[in-house]
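Here is how the chains run, residue by residue.
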Amino acid sequence: MGLLSLKRLIGGPGPGDGDGDGGKSKPVGSPCQQEDDNQDAKRMRNPRVSLPEDIWYHIHSLLPLRDAARAACVSSTFLCSWRCRPNLIFSQKTLGLNGNWRENVRELINKVDHIMKNHSGIGLRTFGLQSYNLINTCYLDRWLNIAITPAIEELSLTQFPENNTKYYNFPCSILFNRGGNSIKHICLSYCAFRPTGGLNFLRRLHLGEVHITGDELECLLSNSFALEQLTLKYCKELNYLRIPCQLQQLKDLEVYERKALQMMEVKAPNLSTFHYDGNLARLSDGGLLAVKKLRISSFYQYNNVHYASANLSSIVPTIETLIISSFGEVSQIRMEHDVISENSSHLRQMPRSTHGNIKNVNIIGFCSAKSMIDLTCHILENATSLECLTLDTIHDDYVHPDRLSLHEVGFCYRIGSPMIMEAENALLAIKRYIVGKVPSTVKLVVLKPCSWCHATEGLGVKDHRVA
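Residues numbered from 1 in each chain as written. Predicted model: local features only at pLDDT ≥ 70, side-chain atom pairs only at ≥ 80, totals over all residues. Heavy atoms only, no water.

- An unreviewed UniProt entry lists the protein under the name At1g61320/AtMIF1 LRR domain-containing protein, with Oryza glumipatula given as the organism.

Shown next as structure tokens:
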């Protein structure tokens, strides 16, 4: 964006603009008055003369990083603005680096280091760095020492090192001493984060592959009363998670763990959305009574669907939206549970429990596993407010009832013959066990395979497991 475009953004008249008389002016009055009129005309033709400097600084801050740097090369005002730019987000994309990320690491470091050395640190509110390799500690220390000021509000440090054993030791002392009363959003990955206190204005905290213990996290959370969103992803040292009742603003919680978490105690009174990927036994530790939207998944367990149908009514009694991902139990190509057959005289009877808040249920990758049929029937019988039940017999990237229309504009997502075969079995199971139990007040939507791309002809499918 050039300087002319910047002038047009503020809506001022451009060169040659007049007052409706074709650009002609008729001098009247004394020579002094004529000189004043000429000065006013110059200000109108050049809005930069009359605009306050802080407005130009704000306009400059809205430009993308590379465009802002170019503008600083041709304008002294923009050069001053560049040295106190409030938002610095560094990545291969924002720096215009193309090609292999391994080859660009050195260039990324050089560019970021040059920019940070010339930045005054004044007014910096947002600092972000994304690198697909581990950056030397001396550079990170130098940049963070400049970026973390009493005005910093958002801080993001995302690295994806090839060698995960080398974790950067994040300078917590600088953050807590300088930015403790201003920081609102922290996003860290692949580093060691050792907090010693709370952050009064912290609203969002995202930790991914971060070294932090249960004691250290509890120390931070117990004194961060403004926290609204918390995401913890595969923090290997996190042996327990305790969310104190003082976090009354906490609404969203995401926890992904790999067997390290031994205890999870959630006491946040207004928690409404919870996404959990890990050992399902941790859900029974308590504290989820107010949750309305729950998503559970586990790559290592194969009883998610059964666990949900048997336990969630007591663990999350006010739930309205439930999303379950069970890679082994629901996957059409490697089910770990019995498949229902024509010899199944009756389905398993689950304990009755009313789910009065559930209105919409969407099962992606619906299959003919007994546990899946049991759960679906249980929902139909106990979800008294249910309005729509969607059963998608194919697990792909398209959520559309008519895959044929997608085929006409491109092509369907490629899936293997085992999934197609299982989808046919699932359709028969729906017809035999589900359709007859759908109340008249509930809309049943069944998403089928594409009749063109997912046809079973030629796949050798001659026998189905459901009659």
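### Observations regarding the overall build of the protein
Working step 1: Helices and strands together make up the secondary structure of the protein, namely 14 helices and 17 strands.
Working step 2: Residues classed as buried in the protein amount to 43% of the 467 residues present.
Working step 3: Partitioning the intrachain contacts of the protein with sequence separation of at least 6 by distance along the chain shows that 59% fall at a separation of at least 24.
Working step 4: With the model as given, the accessible surface of the protein reaches about 24100 Å², and the carbon-plus-sulfur share is 50%. (Helix = DSSP H or I, 4+ residues; strand = E, 2+ residues; numbered from the N terminus. Buried < 20%, exposed > 50% of the residue type's maximum accessible area, 1.4 Å probe, protein only. Contact = heavy atoms within 4.5 Å. Areas by Shrake-Rupley, 256 points an atom, 1.4 Å probe, with all protein chains shown as cover.)

### Let's talk about the pattern of salt bridges
Working step 1: As enumerated under the stated definition, the model contains 11 salt bridges in all.
Working step 2: Residue Lys 117 pairs with Asp 113 through a salt bridge whose shortest N-O separation is 3.3 Å. Of this pair, Lys 117 and Asp 113 both sit in helix α7 (residues 101-117), 4 residues apart, which is roughly one turn of that helix.
Working step 3: Between Arg 142 and Asp 113 there is a salt bridge, with the nearest N and O atoms lying 2.6 Å from each other. Here the residue Arg 142 occupies a position in helix α8 (residues 137-147), and Asp 113 occupies one in helix α7, the gap between them amounting to 29 residues.
Working step 4: Its relative accessible area of 33% is what places Arg 142 among the partly exposed residues.
Working step 5: The exposure class assigned to Asp 113 is buried, which follows from its relative accessible area of 9%.
Working step 6: One connected set of salt bridges, linked through shared partners, spans Glu 218, Arg 242, Glu 265 and Lys 267. (Salt bridge = Lys/Arg side-chain N within 4 Å of Asp/Glu carboxyl O.)

### Digging into helix α14 (residues 417-434)
Working step 1: Its 18 residues place the ends of α14 25 Å apart at the C-alpha level, agreeing with the 26 Å of an ideal helix rising 1.5 Å per residue.
Working step 2: Within α14, burial applies to Met 419, Ile 420, Glu 422, Ala 423, Asn 425, Ala 426, Ala 429, Ile 430, Tyr 433 and Ile 434.
Working step 3: The inward-facing, buried residues of α14 contact α12 (370-382), β16 (388-392) and β17 (443-447). (Expected span 1.5 Å × (residues − 1).)

### Some thoughts on the sheet that holds β16
Working step 1: The parallel open sheet is built from 3 strands, whose spatial order is β15-β16-β17. Two strands in the sheet have a free side with no partner beyond their single neighbour: β15 (360-364) and β17. Ignoring which end each strand starts from, the neighbouring axes of this sheet average 10 degrees apart. (Pairing = 2+ DSSP bridges. Axes fitted to C-alpha atoms, helices over the stretch in contact; angles between N-to-C directions.)

### So, the nonpolar core
What tends to happen in soluble globular proteins is that the nonpolar side chains get buried as a cluster.
Working step 1: In this structure, Phe 127 and Phe 170 are the most contacted members of the largest nonpolar core, which totals 108 residues.
Working step 2: Excluding anything up to four places from it in sequence, Phe 127 contacts Leu 88, Ile 89, Phe 90, Met 116, Trp 143, Leu 144, Ala 147, Ile 152, Glu 154, Leu 155 and Ser 156. (Core = buried A, V, L, I, M, F, W, Y, C linked by side-chain atoms within 4.5 Å.)

### Re the packing of α12 against α14
A pair of packed helices is characterised by two quantities: the angle between their axes and the separation of those axes.
Working step 1: Their axes nearest at 11 Å, the elements α12 and α14 cross at an angle of 40 degrees. One finds that α12 runs oblique with respect to α14. With respect to the hand of their crossing, α12 and α14 are arranged in right-handed fashion. In this structure, α12 contributes Ile 373, Thr 376, Cys 377 and Leu 380 to the contact, and α14 contributes Ala 429, Tyr 433 and Ile 434.
Working step 2: Taken together, the residues of the contact of α12 with α14 break down into 6 nonpolar, 1 polar and no charged. (Parallel < 35°, antiparallel > 145°, perpendicular 65-115°, else oblique. Left-handed = near helix turned anticlockwise from the far one by under 90°. Nonpolar A, V, L, I, M, F, W, Y, C, P; charged D, E, K, R; others polar.)

### Overview of the side chain of Ser 224
Working step 1: For Ser 224, the position within the fold is in the loop between α10 (214-221) and β8 (229-233).
Working step 2: For Ser 224, a relative accessible area of 0% gives the class buried.
Working step 3: Separated by 3.1 Å, the side chain of Ser 224 and the backbone nitrogen of Leu 199 make a polar contact.
Working step 4: Not counting chain neighbours up to four residues away, the residues in contact with Ser 224 comprise Gly 198, Leu 199, Leu 202 and Leu 247. (Polar contact = N/O pair within 3.5 Å; in protein donor to acceptor, adjacent residues only side chain to side chain.)

### Considering the packing of aromatic side chains
Working step 1: Taken as a whole and assessed by the stated rule, the structure comprises 7 aromatic pairs.
Working step 2: Ring plane angle 50 degrees and centroid distance 6.0 Å describe the contact between Tyr 167 and Tyr 190, whose orientation is recorded as tilted. Separated by 23 residues along the polypeptide, Tyr 167 in the loop between β3 (154-159) and β4 (168-169) and Tyr 190 in the loop between β5 (185-189) and β6 (191-192) bring together distant segments of the chain.
Working step 3: Plain terms: the ring middles of Phe 170 and Phe 193 are 5.7 Å apart, the flat faces sit at 70 degrees to each other, and that makes the pair edge-to-face. With a gap of 23 residues between them, Phe 170 in the loop between β4 and α9 (172-178) and Phe 193 in the loop between β6 and β7 (204-208) connect regions that are remote in the sequence. Neither residue differs from the other here; Phe 170 and Phe 193 are each classed as buried.
Working step 4: We note Lys 233 situated over the ring of Tyr 256; from NZ or CZ to the ring centre the distance is 5.0 Å. (Phe/Tyr/Trp six-rings, centres within 6.5 Å; stacked < 30°, edge-to-face > 60°. Lys NZ or Arg CZ within 6 Å of the ring centre and 35° of its normal.)

### Let's talk about the side chain of Ser 81
Working step 1: Structurally, the position occupied by Ser 81 is in helix α6 (residues 76-82).
Working step 2: Not counting the four nearest positions on each side in its chain, Ser 81 is found in contact with Tyr 57 and His 60.

### With respect to α8
Working step 1: Taken as a whole, α8 has its buried residues at Tyr 139, Leu 140, Trp 143, Leu 144, Ile 146 and Ala 147. Considered in projection along α8, the buried side chains sweep an arc of 160 degrees and stay on one side of the axis.
Working step 2: The opening residue of α8 is Asn 136, an N-cap whose side-chain oxygen sits 2.9 Å from the backbone nitrogen of Cys 138. (Arc of directions from axis to C-beta.)

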